[in-house]
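Here is what each chain is made of, one letter per residue.
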Amino acid sequence: VLITRLKLKNWRNFRQVDVPLGARTHLIGPNASGKSNFLEVFRFLRTLAQADGGGLQRAVRDLHGLTKLRSLHARIDPQVRVELEVAEDPTPEAPQWRYVLALGSEGKGQQRVVVKEERVELNGKVLIQRPDAKDRSDPERLTQTALEQINSNHAFRLLAEFFGETTYLHLVPQLLRYGTEPGAKVLENDPFGQGLLQRIAKTPKKQRDARIKRIERALSLAVPLFSSLRFEQDPITGLWHLEANFKHWRGNGAWQREDQFSDGTLRLIGLLWALQDGDGLLLLEEPELSLNDGIVRHIPLLIDRVLRDRKKGQWTRQVLLSTHSESLLAEITDPEHVLLIEPGDNGSTIRPPDASELVLLRGGLNPAEVLLPKTRPAQLDALGLTA
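These numbers were taken from a predicted model, which means no experiment stands behind them. (Residues numbered from 1 in each chain as written. Predicted model: local features only at pLDDT ≥ 70, side-chain atom pairs only at ≥ 80, totals over all residues. Heavy atoms only, no water.)

### Focus on unusual backbone geometry
Rule in force here: For helices the rule is a DSSP run of H or I covering at least 4 residues; for strands it is a run of E covering at least 2, with both sets numbered from the N terminus onward.
Along the chain, Arg-130 connects to Pro-131 via a cis peptide bond; the corresponding omega equals 0 degrees. Note on placement: Pro-131 falls in the loop between strand E7 (125–130) and helix H4 (133–137). Notably, Ser-290 is not glycine yet its phi reads approximately 75 degrees, a positive angle. In this structure, Ser-290 sits in the loop between strand E12 (282–285) and helix H10 (293–296).

### Examining the environment of Asp-354
The criterion, for reference: Between buried and exposed lies partly exposed: a residue is buried under 20% and exposed over 50% of the maximum accessible area for its type, with that area taken using a 1.4 Å probe on protein chains only.
With respect to the secondary-structure elements, Asp-354 resides in the loop between strand E17 (349–351) and helix H13 (355–362). With relative accessibility at 30%, the residue Asp-354 sits in the partly exposed group. Sequence spacing of Asp-354 and Glu-336 is 18 residues, and the spatial spacing of their C-alpha atoms is 9.2 Å.

### Focus on the sheet that holds strand E8 (residues 167–169)
Going by this rule: Paired strands, as defined in this entry, are two strands with at least two bridges between them according to DSSP. The angle between two axes is taken between their N-to-C directions and runs from 0 to 180 degrees, where each axis is a line fitted to C-alpha atoms and a helix contributes only its stretch in contact. Whether two residues touch is decided by their heavy atoms; if any such pair falls within 4.5 Å, the residues are in contact.
Taken in spatial order, the six strands of this open sheet run E8-E12-E15-E3-E16-E17, and their pairing is mixed. The open sheet has two free edges, formed respectively by E8 and E17, since each of these has just one partner strand. Strand-to-strand twist across the sheet, computed as the mean angle between neighbouring axes with direction ignored, equals 15 degrees. Strand direction decides the pairing type here: strand E3 (residues 24–28) and strand E15 (residues 319–322), joined by four bridges, are parallel. Its bridge partner being in E15, Arg-24 is matched across the sheet by Val-319. Sheet strands in contact with helix H1 (residues 35–49) are E3, E8, E12, E15, strand E16 (338–342) and E17, and its direction is about 150 degrees off that of E12. Contacting E8 and E12, helix H9 (residues 263–276) runs over the sheet at an angle of about 165 degrees to E12.

### Observations concerning the side chain of Glu-83
How we decide: In protein, a polar contact requires one atom able to donate a hydrogen and another able to accept it; more generally it is a pair of N or O atoms within 3.5 Å, and residues adjacent in sequence count only if both atoms are side-chain atoms.
Tracing the backbone shows Glu-83 in strand E4 (residues 80–87). The exposure class assigned to Glu-83 is buried, which follows from its relative accessible area of 7%. Of the polar contacts made by the side chain of Glu-83, one reaches the side chain of Arg-98; its length is 2.7 Å.

### Digging into the packing of helix H8 (residues 205–222) against H9
For clarity, the threshold we go by: An angle below 35 degrees is read as roughly parallel, one above 145 as roughly antiparallel, one from 65 to 115 as roughly perpendicular, and any other as oblique. If you view the pair so one helix is near and one far, a crossing is left-handed when the near helix is turned anticlockwise from the far one by less than a right angle, and right-handed when it is turned clockwise. For this classification, the nonpolar set comprises Ala, Val, Leu, Ile, Met, Phe, Trp, Tyr, Cys and Pro, the charged set comprises Asp, Glu, Lys and Arg, and every other residue, Gly included, is treated as polar.
Running from amino to carboxyl end, H8 crosses H9 at an angle of 140 degrees, the nearest separation of the two axes being 10 Å. In terms of axis orientation, H8 runs oblique to H9. The handedness of the crossing between H8 and H9 comes out as right-handed. The segment H8 lies against H9, with Arg-208, Arg-211, Ile-212, Arg-214, Ile-215, Ala-218, Leu-219 and Ala-222 engaging Leu-268, Ile-269, Leu-272, Trp-273 and Gln-276. In terms of residue class, the contact of H8 with H9 is made up of nine nonpolar, one polar and three charged.

Note that every value here comes from positions in space, so none of it alone points to a role or purpose.
Structural data, given as structure tokens:
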């Protein structure tokens, strides 16, 4: 399952968005232009679709309310609207879904967020269109989406399950190092990798060991003096730990736990685990941080090798990745699926390469040469002259 198109209205930085998405989509743009806010759409849908502790009111509350969610550039029409096109697989004959959700304020009483429109289509046939007669007779129903209701979403539960399986990773090494200490509280949905060790521990042993072995092979190529990796439970505390052996002047080397790993090693482990953990949409925010450029150049190939089904020739998982890295962008083989965010007086816009840029990309230049320079502030060269 993959999202093939996304349309937004009045979402955070963006007044209007209409962009195609591929199995691999790379997102670039200046600082504070809206890269994180763009990825936030999919985290919002994940919370919306969660059967346990999710739903519309929770999803909006997590984003600090509708007024914070709505674009500051919204003028005539204040509704927030999300529209997605979803294919069950990459083949042209696969079933095609469309999901539309428009939100507004209740306008009275508790000022709750309410559904202004919700529509689900399958191959052009409308399965649900809201508000409907039941909603008009009982307006309280509009405080929930059909997507989050088990009794209502049976005809399109595939969408709810797909949205709910989204994974977001922007691993913060300091949180991971101290996430197992007494009193440490893991953030819900764990966007910063704090609960990585807990997730590994919950994975069935056979599957866990296979994944750890793959990570070990990758680390042996990327981390100097690294020898082996294991996942062990402390017999005294009962807590689980990653332990790595590094070659040493002593014959057996030296073992270290995750709190002694470098930031780059922790982020690489988190990336490699996330690629193997789940089938839903994977959101990666700046995976190049703390990593050597030589490793960063191999991230696109790494993703390809882990997530491509060699027998079917298809991606097994959709990935949206934000980056500032020249090294990473220089190795992209599908430059048509790079999205460029451009801030402006009326909010940010987002687009794929235009016709002239595609000519350059197809002529042998890479996105780091053609598109990345357009994300740099115009007055950047004067930065060093400021006092």
